[in-house]
Amino acid sequence: MTGDTLGSQTVSLKLYQLSLQAREHPDRVFSTLHHLIDVDFLREAYNRMNKNAAAGVDKVTAEEYAVNLEGNLEALYCRYKEGSYKAPPVRRIWIEKEDKSQRPIGIPAFEDKILQRAVAMLLNAIYEVDFYDFSYGFREKRGAHDALLSLRNSCYKVKASSIIDADVSKFFDKMPHDEIRNILRKRVNDGKIIRFIGKWLNAGVMDHCQVHYPDCGSPQGGVISPLIANIFLHEVLDKWFVNEAQPRLGKRSFMVRFADDFVIGCEEEDDAKRLMAVLPKRFAKYGLTIHPDKSKMVRFKQTSKFSEKCGNGTFDFLGFTHYWARSRNGNWVIKRKTMASRHRRALRNLFLYCRNNKHEPVIVQYKDLCAKLHGLYNYYGIRGNYRLLWMLYQEVRGFWKRWLGRRSRDGYVSWEKFAVFLDVWKLPRPRITKQV
């Protein structure tokens, strides 16, 4: 047995014992955790890292860090143990959202990611026991498709007539640091762990060579940020909904949450109205706001067999629009299709790729387009969404034909000639990849 394997088993045993203690003592406050992190623990955190991620402000890549891995881990552990570790600023990049606005993404330095991962492993062993089953974001063996399946089944089970589709305004940017610490101390009151989390929250953000120090928020893209978000919302939303809101409702209800995106369904419309009125007050108590324009309550009820025009609404969740429609057997079922904004964004990205890479070798373009299409099929390939995927496939063929044609003398390729080309370079056809 190699040293790495033995160290990994030791770390797994530590995490298992910690999880067992958290399960057996749900009210226990853990005050001594930091001693569990040693060089073996940091090595296991390194092994769990994504080695292909972008570099941070220090421009050190995983490959460069691995050249002297043991020495680097020893030095990192010494600084952690002595408390002299200084969290470097997070490198900020911007990505475009569906509404054309920009979303900030933070990229920590690679060494910082290792230490964040180690602390996240400790916290996750405790909080994974506490989290509710309707929480799906950034948790092991849970994903977006599991949340979609749960949402669909819950609507049937509860016979939901109203849906609350809520949006928290700039959640990751506006989480108050004091509230984060207060919530953590209710379950983990290890001073050293709390101080390190404080260092990451206050590390600063480097944007266009200038460092800013926000007084609130946790950078999206950080290793520990998703876990902090889940812990924060578990206290602010999940526990409140289960222990305070649900018992006061007249009839059945449910919630499905994926990170800061959540949907609440109610059997009775009056219950949904009461929740819709109290949600902004609940979040305001913790320094957050419910977006007034993006949050809504919609009527979402199975349409009568004899009255199909009753004004049912639709709602969006995790990239899909949910709506009632008839199945092939004539029964009313909940169907999902790609959100219009996501569909347009995918088409735009594929169009720009074909235009900007038209002079690349055909084999390069072919491999890239296949990879992009497979990625879209793997996520959006659910039952009931085949038609939109087929439309996407047809559009991509048109984009490729148009821009490859610019390479010819005439600047145009006929469909007959392009069909012969596609017999050799066959783009993958749409397929249903998820039975959810």
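About the cut-offs
Residues numbered from 1 in each chain as written. Predicted model: local features only at pLDDT ≥ 70, side-chain atom pairs only at ≥ 80, totals over all residues. Heavy atoms only, no water. Helix = DSSP H or I, 4+ residues; strand = E, 2+ residues; numbered from the N terminus. Buried < 20%, exposed > 50% of the residue type's maximum accessible area, 1.4 Å probe, protein only. Core = buried A, V, L, I, M, F, W, Y, C linked by side-chain atoms within 4.5 Å. Contact = heavy atoms within 4.5 Å. Disulfide = S-S within 2.5 Å. Salt bridge = Lys/Arg side-chain N within 4 Å of Asp/Glu carboxyl O. Polar contact = N/O pair within 3.5 Å; in protein donor to acceptor, adjacent residues only side chain to side chain.

Participant: What is the right way to look at the environment of Leu-392 in this model?
Facilitator: Within the fold, Leu-392 resides in helix H14 (residues 386-405). By relative accessible area, which is 3% here, Leu-392 ends up buried. For the pair Leu-392 and Arg-429, spaced 37 residues apart in the sequence, the C-alpha separation amounts to 9.9 Å.

Participant: Can you walk me through the nonpolar core in this structure?
Facilitator: Taken as a class, soluble globular proteins show a tendency for nonpolar side chains to be buried jointly. Membership of the largest hydrophobic core comes to 79 residues, with the highest contact counts inside it found for Ile-114 and Phe-283. Ranked by residues supplied to this core, first place goes to helix H5 (residues 110-130) with 12 residues. Every residue in contact with Phe-283, bar those within four places of it in the chain, is listed here: Val-168, Leu-233, Val-236, Leu-237, Phe-262, Leu-288 and Ile-290.

Participant: What is the right way to look at the state of the cysteines in this model?
Facilitator: Covalent bonding between the sulfur atoms of two cysteines is what defines a disulfide. Evaluated as defined, the whole model comprises 0 disulfides. In this structure Cys-354 is not part of a disulfide, and its nearest cysteine sulfur, from Cys-370, lies 11 Å away. Take Cys-354: its relative accessible area is 1%, and that puts it in the buried class. Its relative accessible area of 11% is what places Cys-370 among the buried residues.

Participant: Help me understand the pattern of salt bridges in this model?
Facilitator: Any two side chains of opposite charge can pair, so long as their charged atoms come close to each other. Under the criterion given, the structure shown has 16 salt bridges. For Glu-111, the salt bridge identified is with Arg-79, shortest N-O distance 3.0 Å. Of this pair, Glu-111 sits in helix H5 while Arg-79 sits in helix H4 (residues 69-82), and the two are 32 residues apart along the sequence. A relative accessible area of 16% places Glu-111 in the buried class. The closest approach of N and O atoms between Asp-271 and Arg-274, which form a salt bridge, is 3.8 Å. In this pair, Asp-271 and Arg-274 are both assigned in helix H11 (residues 269-284), 3 residues apart and thus about one turn of the helix distant. For Asp-271, a relative accessible area of 4% puts it in the buried group. Residue Arg-274 is classed as partly exposed on the basis of its relative accessible area of 44%. Here the salt bridges do not stand alone but share partners, grouping Asp-40, Arg-43 and Glu-70 into one network.

Participant: Is there a simple way to explain the environment of Asn-189 in this structure?
Facilitator: Within the secondary structure, Asn-189 sits in the loop between helix H8 (177-185) and helix H9 (191-201). According to the relative accessible area criterion, Asn-189 is partly exposed, its value standing at 37%. When the C-alpha atoms of Asn-189 and Val-29 are compared, they prove to be 6.5 Å apart, with 160 residues separating the residues in sequence. Setting aside chain neighbours within four positions, we find Asn-189 in contact with Val-29, Phe-30 and Ser-31.

Participant: Explain the side chain of Thr-321 to me, please; I cannot follow it from the model alone.
Facilitator: Relative to the helices and strands, Thr-321 is located in strand E10 (residues 320-326). At 2.6 Å, the side chain of Thr-321 and the side chain of Asp-316 are in polar contact. Once you skip the residues sitting within four places of it in the chain, Thr-321 turns out to touch Thr-314, Phe-315, Asp-316, Lys-335, Arg-336, Lys-337 and Met-339.

These results come straight from atomic positions and should not be treated as a statement about function.
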